[in-house]
Amino acid sequence: MSGARCRTLYPFSGERHSQGLRFSAGELLTLLQVPDGGWWEGEKEDGLRGWFPASYVQLLEKPGMVPPPPGEESQTVVLPPGWQSYLSPQGRRYYVNTATNETTWERPGSSSGIPASPGPQRSSLPPTVNGYHASGTPAHPSETAHMSVRKSTGDSQNLGSSSPSKKQSKESTITINCVTFPHPDTMPEQQLLKPTEWSYCDYFWADKKDPQGNGTVAGFELLLQKQLKGKQMQKEMSEFIRERIKIEEEYAKNLAKLSQNSLAAQEEGSLGEAWAQVKKSLADEAEVHLKFSAKLHSEVEKPLMNFRENFKKDMKKCDHHIADLRKQLASRYAAVEKARKALTERQRDLEMKTQQLEIKLSNKTEEDIKKARRKSTQAGDDLMRCVDLYNQAQSKWFEEMVTTTLELERLEVERVEMIRQHLCQYTQLRHETDMFNQSTVEPVDQLLRKVDPAKDRELWVREHKTGNIRPVDMEI
């Protein structure tokens, strides 16, 4: 797949890799290396090279399939008189009516002040992934309830024009803890970052009801609990091996003590030799079990205890990092709501002054309208700025969530594989110990086969005989 082209789905800072490639959403990359492990090497159009998560890009099968960036097609469309297009700090295109100061995300139609249907524009958006477009913004960017701001026009009919869009936005999206997701009824299934793999980065975006209470637990918190539980299980396995070591050491001590026992030490002959070998085999077996316990400590228990010594510290770092991003996101969301409320108040004030002008209640009404219009315009600018900051914060949180959950997934795979390897080492040591124990018994078997009662009797008689003259009868 080297040489293939791909488009970036999300912005990547490059800080997670020593040779990371920094890019924004929507850029084209040429793949240089695609090894297993989830990290690919690519080259940007300006010649910069580096590594990035494979889940951050979408492969393009043919050069003709490269979709234009969101909003780019509007550059070739002739706008109605008085309308100008600009790019927001996030790269999204918005439109300003220079005559009325009206601002909207939607491309204006042929009639001034009436945005065109966003249907064609929406069709060019890249696929949504977990409720987000490639730009990192929520999958509902064109609804005016959250994303579009109309500046004051002096026309009271335009002041309430955003209400239908707001209703549509509320029906198509849902906000959970300041994060906006597509409503399940409008988007029940979404494209997965790692299809068929049941990856952490795909299934822990929302919160889950706590079974032990009425509250909820964040999806990321569930992943952290999984990691902490795994660490606890690893610790308990290490304690189990330690108890096994104690048993082996105590067993070896008792075997060595028993081998020094003087019982039946006076047995003679080939049976005596076999009995002495039985006692010696106990000492040899004790030595085998001592070596087994020592290897269990150095090759199984100690690695289990020392694996990821800074585990809790690393988990707290991940938790605090994501929590800080969520706090920032909540702060940005609150700023958006405050700015939206301020804009509503400015629009209401402008509407009231416009009505006063119609009935000519005051000579200063025109001056008041100009001030109200300036304040409404400023409120619209503030809301647009707050929305951009919110989207930037949400994009950063999204990027860190993907990267961190993939890292937690890698750590879990690493933990399971490490434990598997050391338990295999445990069974191997057991097998070797059994073989050594067998070797201590083999000399005993050989001597027992050589035990010969007749020969033992001959040797004993030769050593202890008193004479072979038999007694005779006494004569008178």
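Refer to the preceding data block for the structure.
Residues numbered from 1 in each chain as written. Predicted model: local features only at pLDDT ≥ 70, side-chain atom pairs only at ≥ 80, totals over all residues. Heavy atoms only, no water.

Chemist: Which residues make up the overall build of the protein chain, and what are the values?
Modeler: On a plain count of helices and strands, the protein chain comes out with nine helices and 12 strands. Counting every position in the protein chain, which comprises 476 residues, the buried fraction comes to 39%. Of all intrachain contacts in the protein chain linking residues separated by at least 6 positions in sequence, the fraction that spans at least 24 positions is 64%. (Helix = DSSP H or I, 4+ residues; strand = E, 2+ residues; numbered from the N terminus. Buried < 20%, exposed > 50% of the residue type's maximum accessible area, 1.4 Å probe, protein only. Contact = heavy atoms within 4.5 Å.)

Chemist: I'd like a description of a nonpolar patch on the surface, backed by residues and values.
Modeler: A surface patch of nonpolar side chains, amounting to about 220 Å² of accessible area, comprises Met233, Met237 and Leu423. When you line up the elements, Met233 lands in helix H5 (residues 219-259). Classification of Met233 as partly exposed rests on a relative accessible area of 33%. (Patch = residues over 30% accessible without salt bridge, like charges linked within 9 Å, V, L, I, M, F, W, Y side chains within 5 Å. Areas by Shrake-Rupley, 256 points an atom, 1.4 Å probe, with all protein chains shown as cover. Salt bridge = Lys/Arg side-chain N within 4 Å of Asp/Glu carboxyl O.)

Chemist: Mind laying out unusual backbone geometry, listing which residues take part and the relevant values?
Modeler: The backbone phi angle of Trp198 is positive, close to 50 degrees, even though this residue is not glycine. Turning to its location among the elements, Trp198 is positioned in the loop between strand E10 (179-182) and helix H4 (200-203). Take Trp198: its relative accessible area is 67%, and that puts it in the exposed class. The backbone of Ala264 sits at a positive phi, close to 60 degrees, despite the residue not being glycine. Along the polypeptide, Ala264 turns up in the loop between H5 and helix H6 (269-306).

Chemist: Describe H6, and please don't skip the residues or the numbers.
Modeler: Under the 1.5 Å per step criterion, the end-to-end length of H6 is 55 Å for 38 residues, consistent within 8% with the ideal 56 Å. At His297, H6 shows its largest bend, some 35 degrees. Positive backbone phi, approximately 55 degrees, marks Arg308, located one or two places after H6. (Expected span 1.5 Å × (residues − 1). Bend = angle between axes of the 7 residues up to and from the residue.)

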